[in-house]
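Coordinates in review
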Amino acid sequence: MAPPKTINVLIVDDDRATQRMLADALTKQGFTVTVERDGEWAIKTFEKKSFDAVLLDLLLPALNGYEVARQMRALPKGKRTPIIMISGVYKNALHQREAVQKHGAYAFLEKPMRLQALYDTLKQALGDKYPRPRAPEPPPPPVEDDEKTGEHLADTSAQEEQREVEAQSKKVEISSGGFQVIRGDFAQKPFAEVLAEIYRWRGSGALLLRREKVKKIVFFREGTPVSIKSNLLSECLGRVMVAQKMISEPECEESLTRMKTSKRQQGTVLIEMGCISPHNLQHALKLQLQTKLFDVFTWDQGEYQFNPKADLPADPVDLGMTTAQVIHEGIKRCFDETRLKRWLGDVDQSYVHPSTQPLYALQDAQLGDEEQALLSAAEGHKTVATLRAMAILSPLDTDRLLFAMKCAQMVELKDKAAEGKAHPSIAEIARAATEAQAPRPPPLPQPPPCRPSCRCRRRPPASPTCHCRGKTRAPPRASTPAARLRPRPTRRRRAKPARRRSETGKIASSPDRAARCCPSSRW
């Protein structure tokens, strides 16, 4: 029986979350997925490979989606390839009609996208070519038992890193040197609390991690992890890119073959082969660092020790995450109910208090709206069970967030509720600080004061009605340059009535001037 034909789809989107969601969903449906971030490299990839369908975002770096579609349609194979345009900005009927009629899109889908609508659209576009969903694959074995799987994808730099970690792990000697010594066992303290402790001391140096044969070194600058090295060949760059659907396994093996002859780095070779764009290469290097680091959050056994005298590597790629963000993301990825129960204990009736001396600002954790709303409710008068019952997040995600914020010393769990009125939560304090820094609108112009000749002096200054005559004044003139250049209308002055003389020869005053100006005044 012949193997099923491979159905290739190209996803072009600069949002990594959307890329990952679509790639995972279509891979489960049986597609072979290739992802690109910018328009120029999407066209190069389309020219090099054969694709059965294209998912194209409209807002892209370098070239927009309409121009990418036009250049793809100009190629012979692009005239018969269905292009499905997606966008979270251009959603009205006019853009949808233009995408289909003017730019040749097969269909237009809005973000956030319903996967079933995507499946139905691809089934209509591909017909009998639509693949069958793949059976779920068994979970991968533990990292330390999986080296044979990734060893053939490891390049020379991964092998050099392995030797370097082995050599440095033998030379690590802990010496305080005026710095707080940090060492211990992961059976007594989770990795998240170790990160918070190093951040509290603003430590710079290297943290050696050991678990049986696995050894890793995390480098810190001012308490923030910036890089990590591992002796596991299974965490090499090639395997990360294959796992993220950036390249195929044959392309990775071909790049390794060319590396041996050209003596250049794997990323450079892959770019020259046209397999990956520079943007995706930088993203893959960051993902590799994150893969090495977040694996440590799964460790329940092992030793750690910090060496403040170690030199930081001159790596061009930085992890790009704050310590609070690493703690929060690592716990979200690696902690299930069993592990949370072990480290949190029975905290259903414990009250969640905002920390009086938080270790991080809330912005450092980069929380979502729902997570910030949950922290806003943690003002010291609600228990953990109450926060779960509020259903802002699922019970598991609620416990993960609270444990992450507890490790980051942003909340405290106590047996008693806060005394008196509820204190502002950490989220409310951060929101108030953000609003205080926001620019304020200029004050509204105040109406001019009452004319000096009015003797009543009764009208309040902010009232637009003149008290003495009961008439509404016109608003003040605009002070724009155009208004200043506009000629003013000429006013006609009333002729003054002739003064009449009384019988005694004196000039009589006009009849009751004070009463005419202000009838309620007495003179």
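Parameters and conventions
Residues numbered from 1 in each chain as written. Predicted model: local features only at pLDDT ≥ 70, side-chain atom pairs only at ≥ 80, totals over all residues. Heavy atoms only, no water. 1 Å grid on protein atoms, 1.4 Å probe; cavity = no way out; pocket = protein on both sides within 12 Å on 5 of 7 lines; lining within 4 Å. Points joined across faces, edges and corners; volume = space filled by probe spheres on them. Helix = DSSP H or I, 4+ residues; strand = E, 2+ residues; numbered from the N terminus. pLDDT = per-residue confidence, 0-100. Contact = heavy atoms within 4.5 Å. Pairing = 2+ DSSP bridges. Axes fitted to C-alpha atoms, helices over the stretch in contact; angles between N-to-C directions.

Quick notes on empty space enclosed by the protein
On inspection of all chains with the given rule, the structure shows 1 cavity of 30 Å³ or more. Taken as a whole, the largest cavity encloses approximately 50 Å³ of empty space. For the largest cavity, the full set of lining residues is A158, E161, S230, L232, L233, E235, C236, Q288 and K292. Put simply, the parts of the chain that give the lining of the largest cavity at least two residues each are α7 (156-171) and α12 (278-295).

Regarding the confidence of the model for the chain
Reading fine detail from the predicted coordinates is not recommended where pLDDT is low. The pLDDT averaged across the chain works out to 77; a share of 72% of its residues lies at or above 70. Across the chain, the secondary-structure element scoring lowest on mean pLDDT is helix α21 (residues 513-517), at 46, and the one scoring highest is strand β3 (residues 53-57), at 92. Note that residues 174-178 has pLDDT below 50 and, in this model, 9 contacts with residues that lie over four places away or in other chains.

Brief notes about the sheet that holds strand β4 (residues 83-87)
Taking strand neighbours across the sheet as the criterion, the 5 strands line up as β2-β1-β3-β4-β5 in an open arrangement whose pairing is parallel. The open sheet terminates on both sides in strands that have one partner only, identified here as β2 (32-36) and β5 (107-110). Each neighbouring strand pair of the sheet contributes to a mean axis angle of 20°, computed without reference to strand direction. Sheet topology places β4 next to β5; 4 bridges connect them, and they run parallel. From the neighbouring strand, S87 faces β5, where its bridge partner is E110.

Notes on the sheet that holds strand β10 (residues 303-307)
Taken in spatial order, the 5 strands line up as β6-β10-β7-β8-β9 in an open sheet, and their pairing is antiparallel. One side of each edge strand has no neighbouring strand; the edge strands of this open sheet are β6 (183-185) and β9 (224-230). Across this sheet, the average inter-strand angle for adjacent strands is 20°, counted without regard to direction. Sitting on the sheet, α12 is in contact with β8 (214-221) and β9, with an inclination near 90° to β9.

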